[in-house]
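Each chain is listed here by its residues.
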Amino acid sequence: MSVTPVDLASLLCSRLCHDLLSPVGALNNGLELLADETDPAMRERCMDLLGESARVSANKLKFFRLAFGAGGGFGDAIDARETQAAVRGLVADNKRLELGWYVEEPTLSKPATKVLLNLVLVAADALVRGGSLDVGAEENEQGAEIVIKLEGQRIILDPALRRMLVEGEGPGEEERVTARSAPAYVTHDLVARTGGAILVSEPAEGVMILGATIRGG
């Protein structure tokens, strides 16, 4: 049976909470340390850690707001600079990941923005040892084309997650949507509704391409 909207919302909330647990937990721990610390140098260090944890938390919230949310505060199109800032914020704390941004469009439609961000989320998770992540997109009256290129020593995209991305939810237990695969399901659903398609290819060793074609304006 296909995942219900309520179930999907719950799974996306679970994914959001999972990704925020670490930086928010670090904030809590830092405040507890700060309350008991009297050494000026250590207090300064605690403040630095608190600032870093707050930045990471804010970056993730900004990313998930655009990737999962309704895009409130924006019109039918979203400034590509907002999308770029969300992507850079997501990968900022991963020192082993190099981002290349090749989107020349001034704006992207909300569906294209969501597909791009969720593909980036899937791609960043797949680069388990770091590497490079190149993001490109073009959009016109006929639709949009989005390409994410991954390069790294170790790229792992679970077969079930790949099927979810390309084919959507299947009847088997391993093909059911989970909190981990929810972004892939959202991406597939958004693209499939337009009559578009998602392609996953590995043209060379250590290289993977995630591509999406969205039909319509």
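The structure we're discussing is the one just above.
Calculation notes
- Residues numbered from 1 in each chain as written.
- Predicted model: local features only at pLDDT ≥ 70, side-chain atom pairs only at ≥ 80, totals over all residues.
- Heavy atoms only, no water.
- Pairing = 2+ DSSP bridges.
- Helix = DSSP H or I, 4+ residues; strand = E, 2+ residues; numbered from the N terminus.
- Axes fitted to C-alpha atoms, helices over the stretch in contact; angles between N-to-C directions.
- Expected span 1.5 Å × (residues − 1).
- Buried < 20%, exposed > 50% of the residue type's maximum accessible area, 1.4 Å probe, protein only.
- Polar contact = N/O pair within 3.5 Å; in protein donor to acceptor, adjacent residues only side chain to side chain.
- Contact = heavy atoms within 4.5 Å.
- Salt bridge = Lys/Arg side-chain N within 4 Å of Asp/Glu carboxyl O.

Undergrad: For this particular structure, what's the right way to read the sheet that holds strand 2 (residues 97–103)?
TA: Backbone-to-backbone hydrogen bonds pair the strands of a sheet. The strands run either parallel or antiparallel. Taken together, five strands build an open sheet; the order of strands is 2-4-5-7-6 and the sheet is mixed. Each end of this open sheet is capped by a strand with a single partner; those strands are strand 2 and strand 6 (197–204). Neighbour-to-neighbour, the strand axes of the sheet open up by a mean angle of 15°, direction not taken into account. Note that strand 6 and strand 7 (residues 207–215) share six bridges and pair antiparallel. Its bridge partner lying in strand 7, Ser201 is registered against Ile209.

Undergrad: Can you help me understand helix 4 (residues 110–126) in this one?
TA: Spacing of three or four residues puts side chains on the same side of an α-helix, whose turn is 3.6 residues. In a regular helix each residue adds 1.5 Å, so 17 residues correspond to 24 Å; helix 4 covers 24 Å between its end C-alpha atoms and thus fits that length. Most of helix 4 is tucked away, with 14 of its 17 residues classed as buried.

Undergrad: Looking at this model, I keep getting lost on the side chain of His188. Mind explaining?
TA: In this structure, His188 sits in helix 6 (residues 182–192). The buried category is assigned to His188, whose relative accessible area is 17%. A polar contact is formed between the side chain of His188 and the backbone oxygen of Glu167, at a distance of 3.2 Å. Leave out the neighbours within four places in its chain, and His188 touches Met164, Leu165, Val166, Glu167, Gly168 and Ile198.

Undergrad: Teacher, can you tell me more about the pattern of salt bridges here?
TA: It is possible for side chains of opposite charge to pair when their charged atoms get near one another. Taken as a whole and assessed by the stated rule, the structure comprises seven salt bridges. Between Asp19 and Arg15 there is a salt bridge; the shortest N-O distance is 3.2 Å. Here Asp19 pairs with Arg15, and both are found in helix 1 (residues 5–36), just four residues apart, close to one helical turn. Overall, the relative accessible area of 13% leaves Asp19 in the buried class. Two residues, Asp125 and Arg15, come together in a salt bridge whose shortest N-O distance is 2.8 Å. Taken together, the residues span a long stretch of sequence, with Asp125 in helix 4 and Arg15 in helix 1 at a distance of 110 residues. The exposure class assigned to Asp125 is partly exposed, which follows from its relative accessible area of 44%. Through salt bridges with shared partners, a single ionic network connects Arg15, Asp19 and Asp125.

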